[in-house]
There are 2 protein chains.
Amino acid sequence: MNTLEHIAVIPLFEGLSQKHQEDLAAIVVQRVFGRGQSIFSEGDEGNGFYVVVSGRVKVFKLSSEGKEQILHIFGASEPFGEVPVFAGQRFPASAEALEESRVFFFPRKAFVDLIQRDPSLALNMLAVLSRRLRQFTTLVEGLSLKEVPGRLAAYLLYLNEKQGGTNQVTLDISKGQLAGLLGTIPETLSRVLARMSRERLIESKGTRRIHILDRDGLQDLADGGKHLP
Amino acid sequence: MNTLEHIAVIPLFEGLSQKHQEDLAAIVVQRVFGRGQSIFSEGDEGNGFYVVVSGRVKVFKLSSEGKEQILHIFGASEPFGEVPVFAGQRFPASAEALEESRVFFFPRKAFVDLIQRDPSLALNMLAVLSRRLRQFTTLVEGLSLKEVPGRLAAYLLYLNEKQGGTNQVTLDISKGQLAGLLGTIPETLSRVLARMSRERLIESKGTRRIHILDRDGLQDLADGGKHLP
DNA sequence: CGTGGCCTTGATAAAGTTCAAGAGCCGTGG
DNA sequence: CCACGGCTCTTGAACTTTATCAAGGCCACG
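These numbers come from a predicted model, not from an experiment.

*Asks:* In this structure, what is going on with the relation of the copies chain B and chain A? I would like to understand it.
*Replies:* Both copies of the chain are related through a single rotation about an axis accompanied by a shift along the same axis. Superposing chain B onto chain A takes a rotation of 180° combined with a translation of 0.0 Å along the rotation axis, leaving an RMSD of 0.0 Å. Taken together, the rotation angle and the small translation identify this as a two-fold axis. Counting the interface residues of chain B, we find that 100% of their copies in chain A are interface residues as well, pointing to one common contact surface.

So this is what it looks like as structure tokens:
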């Protein structure tokens, strides 16, 4: 698959003319990052943004004591690191490859030029940022208004839906990373999973496989329902 | 001040031609909301977005048990409620007037049309959304990685900077609302303020006036520094 | 000058984190 | 093929932070 074909497949670039896609292919820079390798750090200057071609990338914040809050995990064809392109020039968070990952880098100036010439690209980017804002409201809601079991239940249901259908879920990240995504620590996550098993909401099958036994019970938790005494 | 003059003053519309500003003036709808009145609710369909003309508006989420997390407070010339314009059509949060407020409403379709014709409007809107994303990362960082004293300290320093200069800060919202903005409840906020006074970091002068006695101490807290033993 | 809303304070309970130790799993290399 | 070493994950006990419940105090405004 060549560069142009990869670009054609990215939803952000849907609706672009052949010519404009070729313009993008002309300015793009391809890079590869190994597992655990940093892509950018909070406070760095951003002179462009990224799109994941293959692999997975996490964007996160670190506390002064080293705790990590994951903001997003991006997979193939998803853009990240756009904020500095349009507002100020420093990254508000850090990014790191979760596994060996190939990414496109689009330099700021050429990309902004293209946006000015192509309204559909502008609207696509507005849609991307708007969806991101929506996701953030969900994250904030979870952190502020729900407890860990509620956030975990919501995540399991979300994963289950994404993996379409059956009552089986396969975690796509390690439990340590999941803890960071849910705004807690591995110990707490482990205890909550154990409790959910005890209460017959779920059943663990191996390290990364979980059976959903009581979807309604999980839904109650995700909605902030009160726990059984 | 007529409609066109109000529009000319909104940063989002900076750089627009006279003609396009007139187009906006032609599609805008003006509305007034009393203190405590709802502007929209989470889940409502959004067929346009808003700009505050005068007064103040809070955007927030409610938990199933009635706790409120404020996401933003918007003042004059600030746009809000844009997400449904570009992504899906439902509001991810609710909005309510904090005081008697006048707002402009811009219907979705006409506005999107104009964006397609004017790249500078597109870029302005991208900048608005990007700044909003940046603010969210700060909010998430606070909620997940800092304790209440740290968030409060950061807010006081932010307010102090915004109010330019001296060591005196005037709260622009009630303490109950501030608790909602910091992701806590009034009782906890009250206790934290009392503790900061005891430790001579601040001094309360009346209900809404606070003197900053130890800016470095506050900065330490805001950075997640460890508390004095 | 009284009344209601907002704020404060106290006692108690719940949720989550920390620290410490042990168990399970996996890839590597003998 | 098995054993080693290093992770990741789990579990326990103590502690910290925050929420909850319940009064009581303070203004502000009518």
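*Asks:* Help me out: how do you make sense of the sheet that holds strand 11 (residues 209-212) of chain A in this one?
*Replies:* The strands making up a sheet are joined through hydrogen bonds of the backbone, oriented either antiparallel or parallel. Residues and elements named next belong to chain A. Overall, antiparallel pairing links the three strands, which are arranged 9-11-10 in an open sheet. The open sheet has two edge strands, strand 9 (168-170) and strand 10 (202-205), and neither has a second partner. Taken pair by pair, the neighbouring strands of this sheet meet at an average axis angle of 25°, ignoring direction. Two strands pair when backbone bridges link them, and strand 10 and strand 11 are joined in this way by four bridges, in the antiparallel orientation. By the bridge assignment for strand 11, Ile-202 is matched with Ile-212.

*Asks:* So what exactly am I meant to see when it comes to the packing of helix 6 (residues 148-162) of chain A against helix 9 (residues 215-222) of chain A here?
*Replies:* In a pair of packed helices, the angle between the axes and the distance between the axes together describe the arrangement. All names here are of chain A. Following both chains from N to C, one finds helix 6 and helix 9 inclined at 130°, their axes separated by 7 Å at the closest point. Taken together, the axes of helix 6 and helix 9 lie oblique to each other. In the packing of helix 6 onto helix 9, the handedness of the crossing is left-handed. Taken together, the residues of helix 9 that come into contact with helix 6 (itself represented by Pro-149, Gly-150, Ala-153, Ala-154, Leu-156 and Leu-157) are Leu-218, Gln-219, Leu-221 and Ala-222.

*Asks:* What is the right way to read the pairing of strand 8 (residues 101-107) of chain B from this model?
*Replies:* Taken residue by residue, a regular strand's side chains alternate between the two faces of the sheet. Residues and elements named next belong to chain B. Direction of pairing for strand 1 (residues 29-33) relative to strand 8: antiparallel, over a ladder of five bridges. Looking across to strand 8, one finds that Val-32 is bridged to Arg-102. Pairing between strand 3 (residues 48-54) and strand 8: six bridges, direction antiparallel. Directly across from Val-51, in strand 8, lies its bridge partner Phe-104.

*Asks:* Sorry, what's going on with the interface of chain B and chain A here?
*Replies:* The parts lose accessible area when they come together, and the size of an interface is often stated as this lost area. On the chain A side, the residues contacting the 38 residues of chain B number 38 residues. Those elements that place two or more of their residues in the side of chain B that touches chain A are strand 5 (68-74), helix 3 (83-86), helix 4 (108-117) and helix 5 (119-145) of chain B. Among the elements that make up the side of chain B that touches chain A, the one with the highest residue count is helix 5 of chain B (20 residues). Each residue belonging to the side of chain B that touches chain A can be placed in one class, and the counts come to 20 nonpolar, nine polar and nine charged.

*Asks:* Where do I start with the protein's contact with DNA strand C in this structure?
*Replies:* If you check the shell around DNA strand C, you find 19 residues, and the closest are Glu147(A), Thr188(A), Ser174(B), Gly176(B) and Ser190(B). If you list the elements that add at least two residues to the surface near DNA strand C, you get helix 8 (186-198) of chain A together with helix 7 (175-182) and helix 8 (186-198) of chain B. It is helix 8 of chain B that provides the largest number of residues to the surface near DNA strand C, a total of six residues.

*Asks:* Can you help me understand the nonpolar core in this one?
*Replies:* A general feature of soluble globular proteins is that nonpolar side chains tend to end up buried together. With 126 residues, the main nonpolar core has Val57(A), Met125(A), Val140(A), Val57(B), Met125(B) and Val140(B) as its most contacted residues. Those residues in contact with Val57(B), other than ones at most four positions away along the chain, are Ile39(B), Val52(B), Phe74(B), Phe80(B), Ala95(B), Ala97(B), Leu98(B) and Ser101(B).

*Asks:* Would you take a moment to explain the domain arrangement of chain A for this structure?
*Replies:* Residues and elements named next belong to chain A. If you check the domain split of chain A, you get domain 1 (3-132) and domain 2 (146-223). Averaged C-alpha coordinates put domain 1 and domain 2 at centres separated by 29 Å. Taken together, the contact pairs six residues of domain 1 with five residues of domain 2. With four residues, strand 5 (residues 68-74) is the largest single contributor of residues to the side of domain 1 that touches domain 2. Tallied by class, the residues present in the side of domain 1 that touches domain 2 amount to four nonpolar, one polar and one charged.

*Asks:* Help me out: how do you make sense of the protein's contact with DNA strand D in this one?
*Replies:* Taken together, the neighbourhood of DNA strand D is formed by 18 residues, with Ser174(A), Gly176(A), Ser190(A), Glu147(B) and Thr188(B) sitting nearest. Listing elements by their share of the surface near DNA strand D, those giving two or more residues are helix 7 (175-182) and helix 8 of chain A together with helix 8 of chain B. Looking at which element gives the most residues to the surface near DNA strand D, the answer is helix 8 of chain A, with six residues. Its residues assigned to classes, the surface near DNA strand D shows five nonpolar, seven polar and six charged.

*Asks:* Just to check I follow, could you spell out the environment of Ser204(B) for this structure?
*Replies:* Residues and elements named next belong to chain B. Note that Ser-204 resides in strand 10 (residues 202-205). Exposure remark for Ser-204: the 13 C-beta atoms within 10 Å place this residue in the partly exposed category. Separated by 36 residues in sequence, Ser-204 and Gln-168 place their C-alpha atoms 9.9 Å apart. Beyond its immediate sequence surroundings of up to four residues, Ser-204 is in contact with Leu-193, Ser-197 and Ile-210.

*Asks:* Just to check I follow, could you spell out unusual backbone geometry for this structure?
*Replies:* Excluding glycine, most residues fall at negative phi; most peptide bonds, likewise, are trans. Residues and elements named next belong to chain A. In this model, Ser-77 sits at a positive phi of 75°, which is unusual for a non-glycine residue. Following the sequence through the fold, Ser-77 ends up in the loop between strand 5 and strand 6 (79-80). For Arg-200, which is not glycine, the phi dihedral falls at a positive 60°. Note that Arg-200 resides in the loop between helix 8 and strand 10. On the basis of neighbour count, Arg-200 is assigned to the exposed category, with 10 C-beta atoms found within 10 Å.

Calculation criteria
- Residues numbered from 1 in each chain as written.
- Chains lettered and ligands numbered in written order.
- Predicted model: local features only at pLDDT ≥ 70, side-chain atom pairs only at ≥ 80, totals over all residues.
- Least-squares fit on C-alpha atoms with pLDDT ≥ 70 in both.
- Contact = placed C-beta atoms within 7 Å.
- Pairing = 2+ DSSP bridges.
- Helix = DSSP H or I, 4+ residues; strand = E, 2+ residues; numbered from the N terminus.
- Axes fitted to C-alpha atoms, helices over the stretch in contact; angles between N-to-C directions.
- Parallel < 35°, antiparallel > 145°, perpendicular 65-115°, else oblique.
- Left-handed = near helix turned anticlockwise from the far one by under 90°.
- Nonpolar A, V, L, I, M, F, W, Y, C, P; charged D, E, K, R; others polar.
- Near = placed C-beta within 6 Å.
- Core = buried A, V, L, I, M, F, W, Y, C linked by C-beta atoms within 7 Å.
- Buried ≥ 20, exposed ≤ 12 C-beta atoms within 10 Å, placed from the backbone.
- Domains from an automatic or database assignment.

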